[in-house]
Amino acid sequence: MLKVLIAAVFLAMLTSLLMGAGYLIKDDSQSKRLLTSLKIRVSLATLLIALLLYGFYVGELGHG
């Protein structure tokens, strides 16, 4: 279950990255969507690191 959650968060990060790239290309300089996309991506990255650390701590992502 943890591996599926990690994969889902990673895919959400990639989606946010692609959306941010689209906003960078399409939007004007006054748009806040690029900044919002960055905030979401940073939050997802923090969540991903926390999930990875938890997985290693409980032994679900360790060797074997």
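Heads up: these notes are all about the structure in this document. (Residues numbered from 1 in each chain as written. Predicted model: local features only at pLDDT ≥ 70, side-chain atom pairs only at ≥ 80, totals over all residues. Heavy atoms only, no water.)

### Describing the side chain of arginine 41
Inference 1: Structurally, arginine 41 is set in helix H2 (residues 33-58).
Inference 2: Buried and without a salt bridge, arginine 41 has aspartate 27 as its closest oppositely charged side chain, separated by 12 Å. (Helix = DSSP H or I, 4+ residues; strand = E, 2+ residues; numbered from the N terminus. Buried < 20%, exposed > 50% of the residue type's maximum accessible area, 1.4 Å probe, protein only. Lys, Arg positive; Asp, Glu negative; His and termini not counted. Salt bridge = Lys/Arg side-chain N within 4 Å of Asp/Glu carboxyl O.)

### Observations concerning H2
Inference 1: The end-to-end C-alpha distance of H2, which contains 26 residues, comes to 37 Å, matching closely the 38 Å that a straight helix rising 1.5 Å per residue would cover.
Inference 2: Taken together, the buried positions of H2 are Ser37, Arg41, Leu44, Leu48, Leu51 and Gly55.
Inference 3: Those residues of H2 hidden inside the fold are in contact with helix H1 (2-26).
Inference 4: One or two steps after H2, the chain reaches glycine 59, where phi turns positive at roughly 90°. (Expected span 1.5 Å × (residues − 1). Contact = heavy atoms within 4.5 Å.)

### Points about the side chain of serine 16
Inference 1: Locating serine 16 in the fold gives a position in helix H1.
Inference 2: Contacts of serine 16, omitting those with residues within four sequence positions, involve Ser37, Ile40 and Arg41.

### Observations regarding H1
Because an α-helix completes one turn every 3.6 residues, residues spaced three or four positions apart along the sequence face the same direction.
Inference 1: Given a rise of 1.5 Å per residue, 25 residues ought to cover 36 Å, and the 36 Å separating the end C-alpha atoms of H1 matches this to within 8%.
Inference 2: The complete set of buried residues in H1 reads Leu2, Ile6, Val9, Met13, Ser16, Gly20 and Tyr23.
Inference 3: Along its buried surface, H1 packs onto H2.

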